[in-house]
Amino acid sequence: MTAWNSALRAQFPIVTGHPELAYLDSAATTQKPQAVLDTVQEYLTTSNANAGRGTYPWANRTTSLIEETRERVKAFLDDPDPDTSAVHFVSGTTEGLRRVALDWLTRELRDGDEIVVPFADHEANASPWLEAVESLARQGTRITVQEMPYQASSGDYDTDGLAGLVSPRTRFVAATHVHHVYGGDMNVHRIRRVVGPDAVICLDAAQSVGHLPVSVKELDVDFAVFSGHKALALPGSGAVWSRGVRGTPFAPRGWSGTPNTVGVASLGAALDWLDRAGLERIERWTVGLAARLTEGLRALAPYEVVGCQLSLAEHSPVQQRHGIVTFRHRDVHAVDLGFILFSHGFMVRADGLCQGRAGENRSSVRVSVHAYNTRHEVDRLLEVLAGLT
Ligand code: PMP
């Protein structure tokens, strides 16, 4: 543990309160630092009210909190034009992507248009687009769905292949920033050049927001969707950021109603915490832990690290993985491995990794880390795994 790592770790009471356990499932949900817990407590005990045109201070404070957190999200995502963009709070990435699909895409597409869908990414970034297409088909609007091509060697998107697929009718591309099984950066910044200025790119940032710096400006995307609970905030606190698409900000239907005020409060506190801790540093740490684990697994014969096959060839450098490593044992089923690992105190994700129809369907174990995890935890995990060979 470095001094930096131990200072951050000390701020997560659930982690320090259970020294016998190692939480290695942060891609599913992250733990929450004391600053977020304090904000939640403070909000609920000093100003809990509904947002809107209040005539009393708690309601006014809640309204400002929501507005301020919208601006906070824009700044956090390096929004190049916060005056024309919009942030809508949603329960998480699954809901956010569905909102974009059903409230925006279905209105925008015209007969004969084409869209590109990444079928080997998370299911949440495949099924909403197909539902939108089906709903349009029922009204007689035919849309062609192209499958996003992937590079066999590295697992990220094959932009040359994509260049061969796109046409002037390509209106929409769904993409993922960091893959939830392989941990690889999908190189989304290359997509704009291939699809041109008019196609709308929607980013699933579930595994990147809160783990590494995310710049919608550099990635040149039109929508970015993420889950607060994977970025140190409470469950139910995600957001959809949208650039004013051709001058019009995304204005979804039926989004009135009571917002998740306490979730939004937690999100603001989490983003502040992440900025203070430093996202570059967090990224370096989690990439380093993933590399340590990948290297260790490569030395253990019965284990196969999933994805990025070429990079796993003998003596090749380990491909950078953003805090996520998925692997399987030659003989032990992933679910059994999950139980065995928990008997040694390790909490990992076993089996069922929610990949779309082009994804892996063999069962596997996923280890995912955040700033509170330590090298010692990775080394102990490797020791236990070595004992199962
Ligand atoms: N996309 C990706 C890449 C994910 O990893 C996840 C969560 N595993 C989701 C979407 C769905 O996120 P949520 O469950 O928070 O809606």
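Parameters and conventions
- Residues numbered from 1 in each chain as written.
- Predicted model: local features only at pLDDT ≥ 70, side-chain atom pairs only at ≥ 80, totals over all residues.
- Helix = DSSP H or I, 4+ residues; strand = E, 2+ residues; numbered from the N terminus.
- Rg over C-alpha atoms; globule rule 2.2 N^0.38 Å.
- Buried ≥ 20, exposed ≤ 12 C-beta atoms within 10 Å, placed from the backbone.
- Contact = placed C-beta atoms within 7 Å.
- Near = placed C-beta within 6 Å.
- Nonpolar A, V, L, I, M, F, W, Y, C, P; charged D, E, K, R; others polar.
- Pairing = 2+ DSSP bridges.
- Axes fitted to C-alpha atoms, helices over the stretch in contact; angles between N-to-C directions.
- Expected span 1.5 Å × (residues − 1).
- Bend = angle between axes of the 7 residues up to and from the residue.
- pLDDT = per-residue confidence, 0-100.

> So what's going on with the overall build of the chain? Which residues, and what values?
Along the backbone of the chain there are 13 helices and 13 strands. Over its C-alpha trace the chain gives a radius of gyration of 21 Å, about what one expects of a compact globule, namely 21 Å for 389 residues. Seen along its three principal axes, the alpha-carbon backbone of the chain occupies a region of about 60 × 55 × 30 Å. Going through the 389 residues of the chain one by one, you find that 45% of them count as buried. Sequence separation of at least 24 residues holds for 74% of the intrachain contacts in the chain that already meet a minimum separation of 6.

> Go over the site of the ligand, please, and point to the residues and values.
Near the ligand lie 13 residues; those nearest to it are Gly92, Thr94, His180, Ala206 and Ser227. When grouped by side-chain class, the residues that make up the shell around the ligand number 3 nonpolar, 9 polar and 1 charged.

> Would you mind going over the sheet that holds strand E5 (residues 170-176) in detail, with residue names and values included?
The mixed open sheet is built from 7 strands, whose spatial order is E2-E8-E7-E6-E5-E3-E4. Strands with a single pairing partner mark the edges of an open sheet, and in this sheet they are strand E2 (86-90) and strand E4 (144-147). Across the sheet, the mean angle from the axis of one strand to that of its neighbour is 15°, orientation sign disregarded. Sheet topology places E5 next to strand E6 (residues 200-204); 5 bridges connect them, and they run parallel. Looking at the pairing, Val173 lines up with Ile201 of E6.

> Before we move on, can you summarise the sheet that holds strand E9 (residues 303-305) with the specific residues and values?
Spatial strand order, E9-E10-E13-E12: 4 strands in an open sheet with antiparallel pairing. Two strands in the sheet have a free side with no partner beyond their single neighbour: E9 and strand E12 (349-350). The pairing of strand E10 (residues 324-329) with strand E13 (residues 365-368) spans 4 bridges and is classified as antiparallel. Bridged to Thr326 within E13 is Arg366. Lying over the sheet, helix H11 (residues 279-298) contacts E9, E10 and E13, oriented at roughly 20° with respect to E10.

> An account of helix H5 (residues 93-108) is requested, with residue identities and associated values reported.
Given a rise of 1.5 Å per residue, 16 residues ought to cover 22 Å, and the 21 Å separating the end C-alpha atoms of H5 matches this to within 8%. Bending of H5 peaks at approximately 30° at the position of Ala101. Looking at the buried side of H5, the elements it contacts are E2, helix H6 (127-138), E5, E6, strand E7 (223-226) and strand E8 (238-242).

> With reference to specific residues and values, describe the confidence of the model for the chain.
Looking at the chain, pLDDT values average 92 and 93% of them are 70 or higher. Counting contacts from residues 309-318, a segment whose pLDDT is below 50, to residues more than four positions away or on other chains yields 13 contacts.

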